[in-house]
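Next come the chains, spelled out residue by residue.
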Amino acid sequence: MIQLLLVPAALLIALVFGIPLLRYSWLSFHADSVLTGLVAIPNHGANWLRLLHDQRFWQDTYQTARFATVSVSLELLLAIAIALLLDQRWRGRGVVRAISLLPWALPTTVMALGWRWIFNTPYGPIEQFTELIGLQPLNILSNPNITWLATVVGDVWKTTPFAALILLAGLQTIPNDLYEAFHLEGGHPRAALFQITLPLLQPYLLLSLLFRLAQAFGVFDLIQVMTGGGPAGSTESLALYAYLNAMRFLDFGYSATVMISGFLLLVIACLIAWLIIKQTSHWREALK
Amino acid sequence: MNLVLQNVGRRFGRKWIVRHLDLEVGEGECLALLGPSGCGKSTTLRLIAGLDQPNEGSITIAGEDVTTVSPVDRRIGMVFQSYALFPHLTVFANLSLGLQVRGIAASERKQRVASVLALMQLEDLAERHPAELSGGQRQRVALARALLRDPLVYLLDEPMSNLDAQLREDLRPQLRHLILQGSQPVIYVTHDQHEAMAMAHRIAVMRDGKIEQIGTPQELYHNPLSLFVASFIGRPQINLLPAESGIIKAIRPEHLQLSSEGIPCRLVYREWLGTSQLLILESNRGRLRMLCASEITIPETIKLNWSPEKEHQFDASSGERC
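Because the structure is predicted, anything quoted here is derived from the model rather than measured.

Draft legend 1. Examining the overall build of chain B more closely. A tally of helices and strands in chain B yields eight helices and 17 strands. Dimensions of chain B along its principal axes, counting C-alpha atoms only, are 75 × 45 × 30 Å. The long-range fraction of contacts in chain B, counting pairs at least 24 apart against all pairs at least 6 apart in sequence, stands at 62%.

Have a look at this one:
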């Protein structure tokens, strides 16, 4: 009956997660806006039908998936490198460990504002530099083709420390004996990365991948502060679109529909990530 | 094939962990490094393996100076105290990984691993992961991995310490047979004197980073060169009797005899050990331990004596034999 011990945690999750989810699912099948006098009236899936033909929704879905995939991939690659570096013994490591957490400790709105100024045309340091070397202004935050990359930079800078911290904890669970045994077997230190470190780090990679995917798919504050979803809606995320529907257009029914579809998208993304990792471990198994 | 350590020293900061270490282990010889924890025996092993570098001295394996050679290229067959099996790999993959990184072809790998699995009676476990093995099975896998290394030297770091007492006794002959059928020198680190005596041709007793005495188990037992060795080797512990002019006399419990003349003693405690019994006796020269046949009935007060050739004498201040 040890499962009984999970009841308090399960109740808490039901309270803060399950109930809102159910409430929003219910709301997504209702019209609830200024037009209905903010009263929920069943509309038999009209919201979902509207969603299917909503170009802005599909553009935002594409943008959210693109943003999440690119920034989470970059973050994990960087985090592996940083974690490996911080796991080595060297002078001043403690200080660097502490400093490397700073971006993560900073409130997102503050650092998003910082990035907005950095990317500002013409006064930000980047544009100052392009001007200095005689190039045309890049117009980073007003060019729909590249602005989303600026938001990726902001996100990577902010959340890489979090992933690095999880991976560092994972690295420290690997006994040093294993590396020594591997060396005595004739394996070079570089080969140990692929034969020992990464396979044993896999659960931690999966953990930080799922954490980060969940956060990146729900990205809101970074986008809201840095670009407001622009230019031309090119950086608008699903969460931002749901927010706008509710708070600007006062259409709560449709906002709930967008929110739930974003949630479903995240579930699918996590499943895909999980399957890929499972698949690769099968490959490794087969290679032996 | 042999292993030679000359004047090897290793320090951390200003503290010497081992110093002035001279050792020579011959072909097919098993040498035990025996000593209390912190005596430097594990450091010595790591220096030989190349996992740590000495600050002075040289290490020669099979006639070649390997002092600065990386552990990757040293051809050492090591069994770790933790066994250090790769948890994400099956037994088979654990064994073939080393062959793989050394560039041995897949077909040969398969064949060599299979033959070692058969030798170690591990065939049925080939597809299991280390977590699914018992302590004894893990030890066999670790040993199989060392055998497959085709090493110039075997290094065993407390290979039995994670096993229960019964299993340890069962495995000793097997381990000895397997390791010693080759011509490689074997270094066996342990803090258990019984194990050292059972496994090794010679024992080096270490203390505070130095070798206190090196010799066959018989030499150490019959002719200890210092008070430390005399006390460390042999159980129950040797009796120490302070004598006149700064001399300490040492007599093993099994060499004390009942007699009509000698030190008067009073029996305080008796432990029955099966074939023998251990007596704790109080005398005017301190507490004495005596080991004698278990049939003998011991009265409350007795007199003890010993033959002079069984007596060891040590200098009280230096601890050296005199």
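So, next bit.
Draft legend 2. Examining the sheet that holds strand S4 (residues 56–61) of chain B more closely. Residues and elements named next belong to chain B. Pairing within the open sheet is antiparallel, and its four strands lie in the order S2-S1-S4-S5. Edge positions in the open sheet fall to strand S2 (15–25) and strand S5 (64–65), since each of these has one partner strand only. Where strand S1 (residues 3–12) and S2 come together, seven bridges link them in antiparallel fashion. Across the sheet, residue Val 8 finds its bridge partner in S2, namely Leu 21.

Draft legend 3. The sheet that holds strand S14 (residues 276–283) of chain B, seen in detail. Residue and element names in this part refer to chain B. Strand order in this open sheet of four strands is S15-S14-S13-S16, and the pairing throughout is antiparallel. The open sheet has two free edges, formed respectively by strand S15 (286–293) and strand S16 (301–305), since each of these has just one partner strand. Taking the axes of each pair of neighbouring strands and ignoring which way they run, one obtains an average angle of 50 degrees across the sheet. Pairing of S14 with S15 involves eight bridges; the strand directions are antiparallel. Residue Ser 283 lies in a different strand from S15, and its bridge partner there is Gly 286.

Draft legend 4. Inspection of helix H2 (residues 91–101) of chain B at higher detail. All names here are of chain B. With eight of 11 residues buried, H2 is to be regarded as a mostly interior element. Of all the positions in H2, only Val 91, Phe 92, Asn 94, Leu 95, Ser 96, Leu 97, Gly 98 and Leu 99 are classed as buried. Gly 103 sits one or two residues past H2 and shows a positive phi near 80 degrees.

Draft legend 5. Focus on the nonpolar core. The biggest cluster of nonpolar side chains holds 90 residues, and the ones touching the most others in it are Ala32(B), Leu155(B), Ile187(B), Tyr188(B) and Ala204(B). If one sorts the elements of this core by residue count, helix H4 (residues 135–148) of chain B sits on top with seven residues. Excluding anything up to four places from it in sequence, Ile187(B) contacts Val25(B), Leu31(B), Leu33(B), Leu45(B), Ile48(B), Val153(B), Leu155(B) and Leu156(B). Of all hydrophobic cores here, the second largest spans 35 residues; its members include Val219(A), Leu222(A), Met226(A) and Leu266(A).

Draft legend 6. Region of the structure containing the interface of chain B and chain A. Every contact between the two is made by 21 residues of chain B and, on the other side, 17 residues of chain A. Considering every element that reaches the side of chain B that touches chain A, the biggest residue donor is H2(B), with five residues. For the side of chain B that touches chain A, the residue count by class is 15 nonpolar, four polar and two charged.

Draft legend 7. Molecular detail of the pairing of S14(B). Residues and elements named next belong to chain B. Relative to S14, strand S13 (residues 257–272) runs antiparallel, the two sharing seven bridges. Paired with Cys 265 across the two strands is Ser 283, which belongs to S14. Adjacent in sequence and paired antiparallel, S13 and S14 are bridged by three residues, among which Gly 274 carries a positive phi angle near 100 degrees. The hairpin turn running from S14 into S15, its antiparallel successor, is two residues long.

Draft legend 8. Region of the structure containing unusual backbone geometry. Across the junction of Thr121(A) and Pro122(A), the peptide omega takes the value 5 degrees, indicating a cis bond. Among the structural elements, Pro122(A) can be located in the loop between helix H6 (108–118) and helix H7 (125–132). Cis rather than trans, the peptide bond between Arg235(B) and Pro236(B) has omega equal to -5 degrees. At Leu38(A), a position not held by glycine, the phi torsion is positive, near 55 degrees. When you line up the elements, Leu38(A) lands in the loop between strand S1 (30–31) and strand S2 (41–42).

Draft legend 9. Just the packing of helix H3 (residues 55–87) of chain A against helix H10 (residues 189–217) of chain A, in detail. Residues and elements named next belong to chain A. Packing of H3 against H10 brings their axes to within 9 Å, and their N-to-C directions diverge by 145 degrees. The handedness of the crossing between H3 and H10 is right-handed. In this structure, H3 uses Thr 64, Phe 67, Ala 68, Ser 71, Val 72, Glu 75, Leu 76 and Ala 79 to contact H10, whose residues at the interface are Leu 205, Ser 208, Leu 209, Arg 212, Leu 213, Ala 216 and Phe 217. Looking at the contact of H3 with H10, its residues break down into 10 nonpolar, three polar and two charged.

Draft legend 10. Structural context of the pairing of strand S11 (residues 239–243) of chain B. Residue and element names in this part refer to chain B. Sheet topology note: the S11/strand S12 (residues 247–251) ladder contains five bridges and is antiparallel. Residue pairing in the sheet places Ala 243 in a bridge with Ile 247 of S12. The loop that links S11 with its antiparallel partner S12 comprises three residues; one of these, Ser 245, has a positive phi angle of about 55 degrees.

Draft legend 11. Layout of helix H3 (residues 106–119) of chain B. Between the first and last C-alpha of H3(B) there are 20 Å, a value that for 14 residues agrees with the 20 Å anticipated at 1.5 Å per step. Positioned one or two residues after H3(B), Gln121(B) has a phi angle of 55 degrees, which is positive.

Draft legend 12. Main features of the packing of H3(A) against helix H8 (residues 147–171) of chain A. All names here are of chain A. Relative to each other, H3 and H8 sit at 40 degrees, their axes nearing to 6 Å. Classified by the interaxial angle, the pair formed by H3 and H8 is oblique. Seen from above, H3 lies across H8 with right-handed handedness. Residues that form the contact of H3 with H8 fall into these classes: 18 nonpolar, five polar and four charged.

Draft legend 13. Examining the environment of Glu108(B) more closely. Residues and elements named next belong to chain B. Secondary-structure assignment places Glu 108 in helix H3. Glu 108 gets classed as exposed once you count the C-beta atoms within 10 Å, which come to 10. Along the backbone, Glu 108 and Ala 142 are 34 residues apart, and their C-alpha atoms lie at a distance of 20 Å.

What counts, and where the lines are drawn
The written sequence of each chain sets the order in which its residues are numbered from 1. Here the convention is simple: chains get letters from A, ligands get numbers from 1, in the order in which they are written. A pLDDT threshold of at least 70 governs which residues receive local features in this predicted model, and a stricter bar of 80 or more applies before side-chain atom pairs are shown or counted, although totals over entire chains, interfaces and linings include all residues. Put simply, DSSP marks the helices as runs of H or I at least four residues long and the strands as runs of E at least two long, and each gets a number from the N terminus on. Here, residue contact means that the backbone-derived C-beta atoms of the two residues sit within 7 Å. Here, strands pair whenever DSSP counts at least two bridges between them. Every angle, taken between N-to-C directions, lies between 0 and 180 degrees, and every axis is a line fitted to C-alpha atoms, over only the stretch in contact when it is a helix. Residues with at least 20 neighbouring C-beta atoms inside 10 Å of their own are called buried, those with 12 or fewer are called exposed, and the rest are partly exposed, where every C-beta is derived from the backbone. What makes a nonpolar core is a set of buried Ala, Val, Leu, Ile, Met, Phe, Trp, Tyr and Cys residues, with links drawn between C-beta atoms within 7 Å. When residue character is reported, Ala, Val, Leu, Ile, Met, Phe, Trp, Tyr, Cys and Pro are called nonpolar, Asp, Glu, Lys and Arg charged, and the others, Gly included, polar. For any helix crossing, the convention is left-handed if the near helix is rotated counterclockwise from the far helix by under a right angle, and right-handed if that rotation is clockwise. Helix span, as expected, comes to 1.5 Å for every residue beyond the first. Oblique is the label for any angle not covered by the other classes, which are roughly parallel (under 35 degrees), roughly antiparallel (over 145) and roughly perpendicular (65 to 115).

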